[in-house]
Amino acid sequence: MNLDLYQVDAFANRLFSGNPAAVIPLQQWLDDTIMQNIALENNLSETVFFVPSISPAADYDIRWFTPEVEINLCGHATLASAYVLFTILGFNKKVVRFNSKSGILTITKKDDLIEMDFPSWKPERLELYDDSLTEILGDPIIAGVYKYRDILIELETEDDVQSCTPDFTLMKKHFDKMIITAPGKKADFVSRFFAPGAGINEDPVTGSAHAQLIPFWSEKLGKNKLHALQLSKRGGELWCEQLNAERVTISGQCVFYMKGEITI
């Protein structure tokens, strides 16, 4: 069996930035073990697969795999999938709808941006939290600890986020995933995302983390439209909006890197 593979840098406007995703269109699902092994072989933060949907509410069903596990939502690989459909595979509508484990995801092509409609995951403040947090993060001043899907750590400044050097071995013992964030200097907010429990010490740009970050910063800053930067080595830029209590939009650009063929 031969499968096409497209590698795309998501949330990027130039090659070798943003977050690379492997996109594999299918006509029908492969065995879960095969998809997980392909993701392990690719060794990117995400490999995404999609198939034509039988649901009248969606165009495609979509699933995402890290090198170690399947996850329930991934922003950058969804963005990359929409980019492949819009610009390479000839999908001739401006809106594509993916059916996923996190519900229907509506993706819209808007000029040079692709906009994703995602669930809003407002994190709740934790008054009590694991004392290991400060040790894991190298003893920064923690302004607050919150959680929805992932633990979210508010730090005081962008420099604190940028200079943080986590102990990933210790983090993995206590947390699968972690977001750190602070107000930005040139953007409304900045963040970094760590997922040692999913086989990714630091993810370059994380759309799903912004499902938590957007409602958090929208309320804190008193504005619905937000500009965000993820401060990984590759870097990433996102345009965000809090639509209502249930939904957010996350927009970004993509750059095509390569097309390959898998033989299995």
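Located above this text is the structure these notes cover.
Counting restarts for each chain, with residues numbered from 1 along the sequence as it is written. Two thresholds apply to this predicted model, a pLDDT of at least 70 for residue-level local features and 80 or more for giving and counting side-chain atom pairs, whereas whole-chain, interface and lining totals are computed over all residues. Hydrogens and water are ignored here; the side-chain numbers use all heavy atoms of the structure.

Enquirer: Sorry, what's going on with the layout of surface pockets here?
Expert: Where empty space is left can be seen by rolling a probe of water-molecule size over the atoms. By volume, the largest pocket amounts to about 160 Å³. The wall of the largest pocket is formed by Lys-110, Leu-113, Glu-115, Lys-225, Leu-226, Trp-239, Cys-240, Glu-241, Thr-249 and Ser-251. When contributions to the lining of the largest pocket are tallied by element, the ones reaching two or more residues are β8 (113–119), β15 (225–230), β16 (236–242) and β17 (247–252). Working definition: helices are DSSP H or I runs of at least four residues, strands are E runs of at least two. Numbering for both runs from the N terminus. The biggest single contributor to the lining of the largest pocket is β16, with three residues. When grouped by side-chain class, the residues that make up the lining of the largest pocket number four nonpolar, two polar and four charged. Buriedness of a pocket was judged along seven lines, with at least five required to meet protein on both sides within 12 Å; pockets are open sets of points on a 1 Å grid over the protein atoms alone, cavities are sets where a 1.4 Å probe fits but cannot get out, and lining residues have an atom within 4 Å of a point. Grid points are joined across faces, edges and corners, and a volume is the space filled by probe spheres set on the points. Side-chain classes follow a simple rule in which Ala, Val, Leu, Ile, Met, Phe, Trp, Tyr, Cys and Pro form the nonpolar group, Asp, Glu, Lys and Arg form the charged group, and the remainder, Gly included, forms the polar group.

Enquirer: Even after reading the chapter, I still don't get the packing of aromatic side chains, so can you show me in this structure?
Expert: Two measures describe an aromatic ring pair: the distance that separates the ring centres and the angle between the ring planes. Stacked, edge-to-face and tilted are the three classes for Phe, Tyr and Trp ring pairs, Trp counted by its six-membered ring, which pair at centre distances within 6.5 Å; planes under 30 degrees apart are stacked, over 60 edge-to-face, the rest tilted. The final tally for this structure, using the stated rule, is twelve aromatic pairs. Judged by centre distance (4.8 Å) and plane angle (65°), the ring pair of Tyr-146 and Phe-216 falls under edge-to-face. Of this pair, Tyr-146 sits in strand β10 (residues 142–147) while Phe-216 is found in helix α6 (residues 207–221), placing the two residues 70 residues apart along the sequence. Each member of the pair, Tyr-146 together with Phe-216, is buried. The rings of Phe-50, Tyr-60, Phe-86, Phe-91 and Phe-98 are connected pair by pair, giving a single aromatic cluster. Working definition: with a 1.4 Å probe on protein chains only, accessible area under 20% of the residue-type maximum means buried, over 50% means exposed, and in between means partly exposed.

Enquirer: Please explain the side chain of His-76 as it appears in this structure.
Expert: Structurally, His-76 is set in helix α2 (residues 75–87). Within the structure, the side chain of His-76 is placed 3.2 Å from the side chain of Asn-19, a separation counted as a polar contact. For His-76, the side chain forms a polar contact with the main-chain oxygen of Pro-20, separated by 3.4 Å. In this structure, His-76 is in contact with Ala-10, Phe-11, Asn-19, Pro-20, Ala-21, Ser-45, Glu-46, Val-205 and Gly-207, ignoring residues within four places of it in sequence. Two N or O atoms form a polar contact when they lie within 3.5 Å of each other; inside protein one atom must be a possible hydrogen donor and the other a possible acceptor, and for residues adjacent in sequence the pair counts only when both atoms belong to side chains. Note on contacts: a residue pair is in contact if any heavy atoms of the two residues lie within 4.5 Å.

Enquirer: Help me understand the pattern of salt bridges in this model?
Expert: Oppositely charged side chains can form a pair if their charged atoms are brought close together. The term salt bridge refers to a pairing of a side-chain nitrogen on Lys or Arg with a carboxyl oxygen on Asp or Glu at a separation within 4 Å. Applying the stated criterion across every chain, the model contains 14 salt bridges. The partner of Asp-59 in a salt bridge is Lys-93, with the nearest N and O atoms 3.6 Å apart. In this pair, Asp-59 sits in the loop between β3 (46–52) and β4 (60–65) while Lys-93 sits in the loop between α2 and β6 (95–100), placing the two residues 34 residues apart along the sequence. With a relative accessible area of 46%, Lys-93 lands in the partly exposed category. A salt bridge links Arg-192 to Glu-202; its shortest N-O distance comes to 2.8 Å. Here Glu-202 lies in strand β14 (residues 200–203) and Arg-192 lies in strand β13 (residues 189–195), a separation of ten residues in the sequence. A single salt-bridge network, built from bridges that share partners, covers Asp-32, Arg-63, Glu-70 and Lys-101.

Enquirer: I tried to follow the pairing of strand β11 (residues 151–155) on my own but got confused; where do I start?
Expert: One face of the sheet, then the other: side chains in a regular strand alternate in exactly this way. Most of β11 sits out of view: five of its five residues are buried. With burial as the criterion, each face of β11 is covered, one bearing Ile-151, Ile-153 and Leu-155 and the other bearing Leu-152 and Glu-154. Where β10 meets β11, five bridges bridge the pair, whose relative direction is antiparallel. Note that in β11 the partner of Lys-147 across the bridge is Ile-151. At least two DSSP bridges between two strands are required for those strands to pair. Adjacent in sequence and paired antiparallel, β10 and β11 are bridged by three residues. Pairing geometry for β11 and strand β12 (residues 178–183), over four bridges, is parallel. Considered in β12, the bridge of Glu-154 is made with Thr-181.

Enquirer: Sorry, what's going on with the environment of Leu-105 here?
Expert: Locating Leu-105 in the fold gives a position in strand β7 (residues 103–110). On the basis of relative accessible area, Leu-105 is assigned to the buried category, the value being 0%. Sequence-wise, Leu-105 and Phe-118 are 13 residues apart; in three dimensions their C-alpha atoms are separated by 6.1 Å. Those residues in contact with Leu-105, other than ones at most four positions away along the chain, are Trp-64, Leu-73, Thr-78, Val-96, Arg-97, Phe-98, Ser-100, Asp-117, Phe-118, Pro-119 and Arg-247.

Enquirer: Is there a simple way to think about the nonpolar core in this case?
Expert: One recurring pattern in soluble globular proteins: nonpolar side chains tend to sit buried together. By nonpolar core we mean a set of buried residues, namely Ala, Val, Leu, Ile, Met, Phe, Trp, Tyr and Cys, connected to one another through side-chain atoms within 4.5 Å. Among the nonpolar cores identified, the biggest contains 53 residues, and Phe-11, Trp-64, Val-96, Phe-98, Ile-107 and Ile-250 are the most heavily contacted of them. Ranked by residues supplied to this core, first place goes to α2 with eight residues. Excluding residues within four positions of it along the chain, Phe-98 makes contact with Phe-50, Ala-58, Tyr-60, Ile-62, Thr-78, Ser-81, Ala-82, Leu-85, Gly-103, Ile-104, Leu-105 and Ile-107.

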